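So the chains spell out like this:
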Amino acid sequence: MKIEINNNNLFKEKAYISGQWVDANDGSTIEVTNPANQEIIGHVPNCGLEETNAAIDAAAEAQKKWRQCPAKEKSSILRSFYDLICVHQEDLARIITYEQGKSMTEATGEITYSASFIEWFAEEAKRIYGDVIPGHLHDRRTIVIKQPIGVVACITPWNFPSAMLARKIGPALATGCSLVCKPAKQTPFSALALAYLAEQAGLPKGLLNVLTGNAQTIGKAMTDSNLVRKLTFTGSTETGKMLLKECAKTVKKVSMELGGLAPFIVFEDANIEAAIAGAIAAKYRNTGQTCVCANRIYVHQDIYDEFCEGFTKAAAKIQTGEGLDPTTDQGPLIDEAALAKVEEHINDAQNQGGLILLGGRRHKLGGLFFEPTVIKDANDAMLIAHEETFGPVAPLFSFATEEEVIARANDTPFGLASYFYTTDLAKSWRVSEQLEYGMVGLNTGIVSTEMAPFGGIKESGMGREGSKYGVEDYLEIKYISIAGIDR
């Protein structure tokens, strides 16, 4: 094991099926590397069809009893799970940094964020209410109840390997569902560590299963299964569309949190210093590898040059390095493909008249490290205006009017997150209502919290995660019509 943590039990190199830590049936494995230095940090089983079906069967059987479990008991187990995540926060953060590359500061923040979803849904487990509807006839009464949907297939990405899983585990278990989870091949150890802590919290066997291995094989088994009644996915829009098509065969309920192309608008009346700080946070968090990342920064022409200067100075202070270094703000990109896309977008921007104010090159550290980059004079013909970069590149666009920038911001098939800065109250309402996005950050560059419904519209997905609304995606509504009341 090439990682250093206090509790070595958290580092599992096995899949978790029906409460057992197992290898692949054929013994094959997949290596996992640290993106900061390309060293192999461990291996995980290369699970396939047999293992996936075994996990689904285990989840289906365990869910039969779990759905009958009193809400207070489910809540207590989730609360214990939350407490254990908090106790082991440093180790869990180090695992993220080893396998994903982000700084320890960001990784620690992710674990806090992960725990918040388990805590929230531990509380929501006791608040799943139905309704009594007035009868439509003298002798009739109608009762509405909400029941768990059943077995949930869960596919999560590499950029937030703990948080993206926790915000699916929380509502699923709180509502009485069971899960079969497939973490990204780059970052399986965070998911396995959470499974271990859930086990220690007293979660019954079979309710939470974690499979590592071939995404296509495991995903197809999930979508083909009649026992799986819901699929929740966080990842690219392209993959999401394929999963939607496959889920249609068995008419599964789906939650999709897909790609984004977030606009960040700075109006002429904005507090420029606050806007710069918000834009830095929204753009460079996790090396720009977030689905709610500020991809297009629009600045009013009257303050454009001032903003460009201030933003560039702020970006120049970002320290790039290995995540375990306490001075590091920004870690490496996840792989060579990510690096190539960043370079493609920068080269295209330069060819289309963009001016590099900062960065633009691979970092002197080599490997997958890239310099924080700022591009002035960005325009709508550039690739970066239409494609999600997923890297530390900030294109700065200029605009003249409110109507113009709203039209440009909305000119995309994506609709996940958006941001804007203004001190005008009327404009705050107008722009918030007109931006075609599931989430709007007004005078803030950070919108994520367990208490709010996270999700997008258009091709950025469907369904919501977090908040009281996040529970609904794991429930079925049933009404019971009672006759003969008058007799």
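Residues numbered from 1 in each chain as written. Predicted model: local features only at pLDDT ≥ 70, side-chain atom pairs only at ≥ 80, totals over all residues. Heavy atoms only, no water.

Engineer: Can you walk me through the nonpolar core in this structure?
Structural biologist: Generally speaking, soluble globular proteins have nonpolar side chains that are buried together. Grouped together as the largest cluster of nonpolar side chains are 97 residues, with contacts concentrated most on Phe81, Ile85, Leu179, Phe264, Ile297, Phe307 and Phe311. Examining the composition of this core, we find that 10 residues originate from one element, helix α4 (residues 104–124), more than from any other. Apart from the residues within four sequence positions on either side, Phe81 is in contact with Ile118, Ile169, Leu194, Leu197, Ala198 and Ala201. Within the second largest apolar cluster, 30 residues are counted, among which are Ala338, Ile375, Ala385 and Val431. (Core = buried A, V, L, I, M, F, W, Y, C linked by side-chain atoms within 4.5 Å. Buried < 20%, exposed > 50% of the residue type's maximum accessible area, 1.4 Å probe, protein only. Helix = DSSP H or I, 4+ residues; strand = E, 2+ residues; numbered from the N terminus. Contact = heavy atoms within 4.5 Å.)

Engineer: I would appreciate a short explanation of unusual backbone geometry in the present structure.
Structural biologist: Glycine aside, the phi torsion of most residues is negative, and most peptide linkages are trans. Of note in the backbone geometry, Asn286 takes a positive phi value of approximately 55° without being a glycine. As for its position among the elements, Asn286 is in the loop between α9 (272–284) and β13 (294–300). The exposure class of Asn286 is buried, given its relative accessible area of 1%. If you check the backbone angles, Lys458 has positive phi at about 55° while not being a glycine. Position of Lys458 relative to the elements: it lies in strand β20 (residues 457–458).

Engineer: Is there a simple way to explain the pattern of salt bridges in this structure?
Structural biologist: Oppositely charged side chains are able to pair whenever their charged atoms sit close together. Taken as a whole and assessed by the stated rule, the structure comprises 24 salt bridges. A salt bridge links Glu268 to Lys427, with the nearest nitrogen and oxygen atoms 3.9 Å apart. Residue Glu268 is located in the loop between β12 (262–266) and α9, and its partner Lys427 is located in helix α13 (residues 425–434); the two are separated by 159 residues in the primary sequence. On the basis of relative accessible area, Glu268 is assigned to the partly exposed category, the value being 36%. Among the residues examined, Lys427 registers a relative accessible area of 6% and is labelled buried. The partner of Glu436 in a salt bridge is Lys458, and the shortest N-O contact between them spans 3.3 Å. Linking Glu436 in the loop between α13 and β19 (439–442) with Lys458 in strand β20, this pair joins segments that are 22 residues apart in sequence. Take Lys458: its relative accessible area is 37%, and that puts it in the partly exposed class. Through salt bridges with shared partners, a single network forms among Arg167, Lys168, Glu257 and Glu465. (Salt bridge = Lys/Arg side-chain N within 4 Å of Asp/Glu carboxyl O.)

Engineer: What should I look at first to understand the environment of Glu61 in this one?
Structural biologist: Tracing the backbone through its elements, the reader meets Glu61 in helix α1 (residues 49–66). Among the polar contacts made by the side chain of Glu61, one reaches the side chain of Lys64 at a distance of 3.3 Å. (Polar contact = N/O pair within 3.5 Å; in protein donor to acceptor, adjacent residues only side chain to side chain.)

Engineer: What am I meant to see in the packing of aromatic side chains here?
Structural biologist: By convention here, two paired aromatic rings are described through the distance between centres and the angle between planes. A full pass over the atoms with the stated rule returns 11 aromatic pairs. Note on Tyr16 and Trp21: the rings are 4.4 Å apart at their centroids and 40° apart in plane angle, and the pair reads as tilted. On the accessibility criterion, Tyr16 (4% relative accessible area) is buried. Between Trp158 and Phe390, the ring centres sit 5.8 Å apart and the planes meet at 90°, which makes this aromatic pair edge-to-face. In this pair, Trp158 is assigned in the loop between β7 (151–155) and α5 (163–175) and Phe390 in the loop between β15 (373–376) and β16 (393–399), connecting sequence segments 232 residues apart. Overall, the relative accessible area of 16% leaves Trp158 in the buried class. Through a chain of ring-to-ring contacts, the aromatic side chains of Phe264, Tyr419 and Tyr421 assemble into a single cluster. Between the NZ or CZ atom of Lys230 and the centre of the ring of Tyr474, over which it lies, the distance is 4.7 Å. (Phe/Tyr/Trp six-rings, centres within 6.5 Å; stacked < 30°, edge-to-face > 60°. Lys NZ or Arg CZ within 6 Å of the ring centre and 35° of its normal.)

Engineer: Mind showing me how you'd approach the sheet that holds β15 here?
Structural biologist: Sheets are built from strands that pair by backbone hydrogen bonding, the pairs being arranged parallel or antiparallel. Here seven strands make up an open sheet; going across it, the order is β14-β15-β16-β13-β12-β18-β19 and the pairing mixed. Every other strand in the sheet has two partners, leaving β14 (355–358) and β19 as the edge strands with one partner each. With strand direction ignored, the average angle separating the axes of adjacent strands in the sheet is 25°. Inspection of the sheet shows β14 paired to β15 by three bridges, in the antiparallel sense. Within the sheet, the bridge partner assigned to Leu355 lies in β15 and is Lys376. Of the strands in this sheet, β12, β13 and β16 are in contact with helix α12 (residues 402–410), which crosses β16 at around 145°. Relative to strand β18 (residues 417–421), α13 is tilted by about 160°, and along the sheet it contacts β18 and β19. (Pairing = 2+ DSSP bridges. Axes fitted to C-alpha atoms, helices over the stretch in contact; angles between N-to-C directions.)

Note that all results are geometric; they support no functional claim without further evidence.
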